[in-house]
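Here are the chains, one letter per residue:
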Amino acid sequence: MAAAGERPVWDGGKRVLLAAPRGYCAGVDRAVVAVEKALDLYGAPVYVRKEIVHNKHVVRTLQERGAVFVDETDAVPEGAHLVFSAHGVSPAVREAARARSLQTIDATCPLVTKVHKEAVRFARQDAEILLIGHTGHEEVEGTAGEAPDHITIVDNPDVADTIEVKDPDNLVWLSQTTLSVDETMETVRRLRQRFPNLQDPPSDDICYATSNRQVAVKKIAPEADLVVVVGSANSSNSVRLVEVALDAGAGAAHRVDGAHEIDEAWFEGVTTVGVTSGASVPEVLVEQVVAFLAERGYGQVEEVTTAQEDLTFSLPTDLRRDLKAGNRRSLPVTPV
């Protein structure tokens, strides 16, 4: 038997290396619970702008409970309840919601809100902001909308080699929270080669959960003939996990929404399978993948832990207020 903190001895048979941390982060949990509590409190329908988080299973489950997902605020009836997704929104979206008298619940991840505030602060200093992130991603659109005249999006390291700036001496970089840490640092390295006075953000913009999941998959990848990443195609952090696994030495890596998407052909000659999941993936989907693998002989499961996560975020302020008011109304009245 392995001593505390030591990994068990592998018997050479088929096995699963289960990365930890994996799955839900604090921001995702907060956003999903916010929609669930809103449905309980206000009743269906509750509208959500875009996907609350980038996961098909989560969205489908909430739709079955009465959540209605819309692309823009003009699709929401005036006065209705609207939840802003975990990815955040621009000031223009907030104003559009106010114009329709929508009762909004802001489920933006606090770590995304931090980047928004950084963008506003640097824009007030008249700095030029290079936002490292993927054009078209909701988070990037929301952050860029805070200071559109000051922000230029840098999609990848190659863009860093060609981008032009107005004042290289008043320049700062920020980033989308769900990027590959290594690729982001490569982008920054290339930018700094061209612009030596480039300023760093006051603290890391890539969120703790994204970073932790990438560290965990790097730990298991060198031993894995195959890595299965559970997560949806539009989940930036899930897609990055596939890239990180391959870069770290995995024999192969594939992203799936669930066990039903796993291809039997992937397992030819495979002894060790690594399993992880993106930050918007409920654990039940990982459990189904592990069960799928067990049915095919991968019965030895070893969890490889690289960090412990205990961060939690409180629910959005307006929702907490209404929940408290609702609880007070439901209390029995004691006769005098």
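Preceding this paragraph is the structure being described.
None of these values were measured; they are calculated from a predicted model.

> How should I be thinking about the pattern of salt bridges in this particular structure?
As a working rule, side chains carrying opposite charge can pair if their charged atoms are close by. All chains considered together, the criterion is met by 25 salt bridges. For the salt bridge of R15 with E223, the shortest nitrogen-to-oxygen distance reads 3.1 Å. With a gap of 208 residues between them, R15 in strand β1 (residues 15-20) and E223 in the loop between α8 (208-220) and β9 (226-230) connect regions that are remote in the sequence. Judged by its relative accessible area of 5%, R15 falls in the buried class. Residue classification places E223 among the partly exposed positions, given a relative accessible area of 32%.

> So what exactly am I meant to see when it comes to the sheet that holds strand β3 (residues 67-70) here?
The strands making up a sheet are joined through hydrogen bonds of the backbone, oriented either antiparallel or parallel. Spatially, four strands are ordered β3-β2-β4-β5 in an open sheet, and the strand pairing comes out parallel. The open sheet has two edge strands with one neighbour each: β3 and β5 (103-106). Across this sheet, the average inter-strand angle for adjacent strands is 30°, counted without regard to direction. Note: strand β4 (residues 81-84) against β5, four bridges, orientation parallel.

> Just to check I follow, could you spell out the sheet that holds strand β11 (residues 272-277) for this structure?
Spatially, the five strands line up as an open sheet ordered β10-β9-β11-β1-β12, and their pairing is parallel. Whereas interior strands pair on both sides, the edge strands pair on one side only; in this sheet they are β10 (253-256) and β12 (300-305). When strand polarity is set aside, the average angle formed by the axes of neighbouring strands in this sheet is 25°. Relative to β12, β1 runs parallel, the two being bridged by six bridges. Looking across to β12, one finds that R15 is bridged to Q300. Here helix α10 (residues 283-294) sits on the sheet and contacts β1, β9, β11 and β12; the angle it forms with β11, its principal contact strand, is near 165°.

Conventions and cut-offs
Residues numbered from 1 in each chain as written. Predicted model: local features only at pLDDT ≥ 70, side-chain atom pairs only at ≥ 80, totals over all residues. Heavy atoms only, no water. Salt bridge = Lys/Arg side-chain N within 4 Å of Asp/Glu carboxyl O. Helix = DSSP H or I, 4+ residues; strand = E, 2+ residues; numbered from the N terminus. Buried < 20%, exposed > 50% of the residue type's maximum accessible area, 1.4 Å probe, protein only. Pairing = 2+ DSSP bridges. Axes fitted to C-alpha atoms, helices over the stretch in contact; angles between N-to-C directions. Contact = heavy atoms within 4.5 Å.

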